[in-house]
Every structure is written in structure tokens, then in C-alpha cells.
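Residues per chain are reported as follows:
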Amino acid sequence: MSKQSIGIFDSGIGGTSIFKEINALLPHENTIYLADSKNAPYGNKSKDEIIALSIKNTELLLEKNCKLIVVACNTATTNAIKILRETYNVPFIGIEPAIKTAALNTQTKAIGILATKGTLSSELFHNTTDLYTNGITVFEQIGEGIVPLIEEGKTNSAEMKSLLKLYLEPMLNADIDYLVLGCTHYPYLIPLLLELLPKHVKIIDSGLAVAKQTKAVLRQHEFLNIRTQNTKNIFYSNGNVTVLKTILEHKFTVKALDF
Ligand code: DGL
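Residues numbered from 1 in each chain as written. Predicted model: local features only at pLDDT ≥ 70, side-chain atom pairs only at ≥ 80, totals over all residues. Heavy atoms only, no water.

### Considering the packing of aromatic side chains
Phase 1 of the analysis: Per the counting criterion, the structure on display carries five aromatic pairs.
Phase 2 of the analysis: Between tyrosine 33 and phenylalanine 235, the ring centres sit 5.3 Å apart and the planes meet at 35 degrees, which makes this aromatic pair tilted. Taken together, the positions of tyrosine 33 in strand β2 (residues 31-35) and phenylalanine 235 in strand β9 (residues 233-237) put the pair 202 residues apart, joining distant regions of the chain. Residue tyrosine 33 shares its accessibility class with phenylalanine 235, and that shared class is buried.
Phase 3 of the analysis: Taking the centre distance of 6.5 Å and the plane angle of 55 degrees together, the rings of tyrosine 88 and phenylalanine 92 count as tilted.
Phase 4 of the analysis: Take tyrosine 88: its relative accessible area is 14%, and that puts it in the buried class.
Phase 5 of the analysis: Assessed through its relative accessible area of 5%, phenylalanine 92 is described here as buried.
Phase 6 of the analysis: An aromatic cluster is present here, built from Phe19, Tyr33, Phe235 and Phe252 joined pairwise through their rings. (Phe/Tyr/Trp six-rings, centres within 6.5 Å; stacked < 30°, edge-to-face > 60°. Helix = DSSP H or I, 4+ residues; strand = E, 2+ residues; numbered from the N terminus. Buried < 20%, exposed > 50% of the residue type's maximum accessible area, 1.4 Å probe, protein only.)

Now the structure itself:
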């Protein structure tokens with residue numbers, strides 16, 4: 001079992017930000033990543049559509065014998081992980097916006113959250129927010145248009161900069177001191193965000209927490225790979241392979257696959 005791969009999927013290339021954290025913490029684990037770029041963005045789709053796409057991706061990863069599945073997408077986690085866990089007999093790791101960390105640490109009692117419509121409207125997101133943000137102003141902003149630009153390779157474009165300015169302005173006016181990145185595509189915006197945000201605003205995402213949780217669950221199931229040779233990290237994309245290769249800095253095998 002331990003030599004089997006960790007399966008990772010996202011609506012596109014954003015979940016590579018999670019892959020990178022997992023690969024840094026667990027460098028000997030074999031991984032298979034599915035970038036469902038053909039169907040990106042998931043964020044504007046209905047719950048049923050997100051569930052159907054998550055099932056499609058999960059079944060492909062299970063066909064490829066994955067021992068554990070990381071849902072490297074906040075939108076898919078918040079809308080579909082419950083059903084995935086009920087349906088398949090394999091451990092699932094999900095990702096949710098790091099609201100709790102921001103809420104526990106804010107000094108200004110105002111935090112911003114940038115995520116997709118699908119995440120912000122989900123029951124799971126509302127439950128977590130209600131649980132931890134009593135007495136705190138939570139400024140929710142849908143990142144409309146951000147994912148398509150990243151998928152097109154326009155992460156550092158002038159277009160992106162204007163969108164971000166527009167989305168950050170009301171949060172900054174509300175005096176946030178934490179900005180939660182609630183979408184796995186968004187860590188790639190950090191260089192631009194650092195340019196746009198005042199120094200005292202901290203940016204947080206859940207990538208490292210997901211990697212740590214993956215390690216803990218693998219250990220708990222005795223699935224950790226102790227072999228240190230011939231590690232394979234394979235990426236499949238049903239969209240633009242060039243953008244995926246670039247975001248991976250040409251370090252890994254990327255294959256085109258229609259799924
Ligand atoms: N990367 C995704 C997330 O974490 C999905 C974005 C989208 O496809 O809209 O939410």
C-alpha cells in the first residue's frame with residue numbers, strides 16, 4: 001500500500017500549490033495530480049455539478065490505485081467531500097479557508113477572505129465561520145475572474161492587478177489585518193498581493209496544514225512510503241499543458257489526458 005500514489009485533484013492548476021507543500025514535507029511519496037482545467041472554474045458551478053466533477057476525478061484516481069486522495073480545491077472540499085467520504089473507502093484530505101487562524105490572531109477584529117462563490121456559499125464554510133468569528137467582522141469577497149486568468153497563465157498581468165485592487169479596497173477600508181486565501185489558485189498571487197497590501201496585513205492559506213494532515217493520516221493508516229528511490233510525481237491535465245508545466249517550473253512530468 002505504501003508505494004501506491006497519493007492522488008490529488010483540483011479544478012485546474014491551483015492545487016499545485018498544495019502539491020508543492022506535500023512534496024516538500026513528503027518528498028518520497030509518489031503522487032498523481034489531476035488538473036481538471038477543462039471544467040475550470042468550479043467556483044461558479046452548482047453544488048450538484050461540483051459533486052459530479054469531484055466524483056469523476058476521484059474515480060479516475062482510484063482507477064490509478066491511489067491510497068489516499070487530497071481534494072486540493074476549497075470549492076470541491078466545501079461542496080463535495082462529505083459525499084466522497086460516504087461513497088469511497090479511501091481516506092480523503094480536504095482544504096478549507098484558514099478562518100480559525102485569522103480569527104484567533106486578528107488585532108483589528110476584522111479579517112478578509114477571498115474565495116470562490118462556491119466556497120463562500122457552502123454550508124461547511126458558514127459553519128466554520130459561525131464557530132470562530134463571534135465579535136469579528138468577516139469581509140467575504142468572491143474572487144470573480146481570478147481563476148480563469150491564472151489558468152490562462154496571466155497571474156502577474158495588469159488585468160489581475162486591477163482586479164485585486166478592486167477586491168482589496170473595501171477590505172482595507174474595513175481595516176483588516178488578516179487576508180485569508182480561500183482558493184488553492186490564490187497562493188500564486190502572493191507576490192502581487194505583497195505589492196498591494198500594507199505591511200501589517202498578513203496573508204494566510206491552508207497549504208502547509210493540508211500537507212501536515214496528509215502526513216498524519218498516512219501515518220495513522222501505516223501508508224507512509226519509506227522507500228526513498230524512484231519517486232514518481234505525475235501530472236495529468238485536460239487543458240493547457242504549457243501553463244501547468246510553467247507553474248511547476250518544468251520539474252515534473254506533465255501529460256495531456258482527456259477526462
Ligand atoms: N482551486 C479552487 C479552489 O480552491 C477552485 C477554483 C475554481 O475552479 O473556481 O476553490
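### A few points about the side chain of glutamine 141
Phase 1 of the analysis: Looking at where glutamine 141 falls in the secondary structure, it is placed in strand β6 (residues 137-142).
Phase 2 of the analysis: In this structure glutamine 141 comes out as buried when scored by relative accessible area, which is 16%.
Phase 3 of the analysis: If we skip the residues at most four places from it in the chain, glutamine 141 touches Ile113, Leu114, Ala115, Leu120, Tyr167 and Met171. (Contact = heavy atoms within 4.5 Å.)

### Quick word on the pattern of salt bridges
Phase 1 of the analysis: One pass over the full model with this rule turns up eight salt bridges.
Phase 2 of the analysis: For aspartate 258, the salt bridge identified is with lysine 38, shortest N-O distance 3.0 Å. With aspartate 258 in the segment after β10 (253-256) and lysine 38 in the loop between β2 and α2 (47-63), this pair connects stretches of sequence that are 220 residues apart.
Phase 3 of the analysis: Exposure remark for aspartate 258: the relative accessible area of 66% places this residue in the exposed category.
Phase 4 of the analysis: In this structure lysine 38 comes out as partly exposed when scored by relative accessible area, which is 45%.
Phase 5 of the analysis: The shortest N-O distance in the salt bridge between glutamate 86 and lysine 82 comes to 3.4 Å. Taken as a pair, glutamate 86 and lysine 82 lie in helix α3 (residues 74-87) at a separation of four residues, close to a single helical turn.
Phase 6 of the analysis: Relative accessible area serves as the criterion here: at 58%, glutamate 86 is assigned to the exposed category.
Phase 7 of the analysis: Among the ionic contacts, a cluster of salt bridges with common partners joins Lys20, Glu249 and Lys251. (Salt bridge = Lys/Arg side-chain N within 4 Å of Asp/Glu carboxyl O.)

### Examining the sheet that holds strand β5 (residues 110-115)
Phase 1 of the analysis: Within the open sheet, the four strands sit side by side as β6-β5-β7-β8. Their pairing is parallel. One side of each edge strand has no neighbouring strand; the edge strands of this open sheet are β6 and β8 (202-204). Each adjacent strand pair in this sheet contributes to an overall mean axis angle of 20 degrees, direction not counted.
Phase 2 of the analysis: Note: β5 against β6, six bridges, orientation parallel. (Pairing = 2+ DSSP bridges. Axes fitted to C-alpha atoms, helices over the stretch in contact; angles between N-to-C directions.)

### Thoughts on the sheet that holds strand β1 (residues 6-10)
Phase 1 of the analysis: Across the sheet, six strands lie side by side as β4-β3-β1-β2-β9-β10; this open sheet has parallel pairing. Every other strand in the sheet has two partners, leaving β4 (92-93) and β10 as the edge strands with one partner each.
Phase 2 of the analysis: As paired strands, β1 and β2 are joined by five bridges and run parallel to one another. Paired with aspartate 10 across the bridge in β2 is alanine 35.
Phase 3 of the analysis: Across the sheet, α2 is in contact with β1, β2, β3 (68-71) and β4; its angle to β1 comes to roughly 155 degrees.

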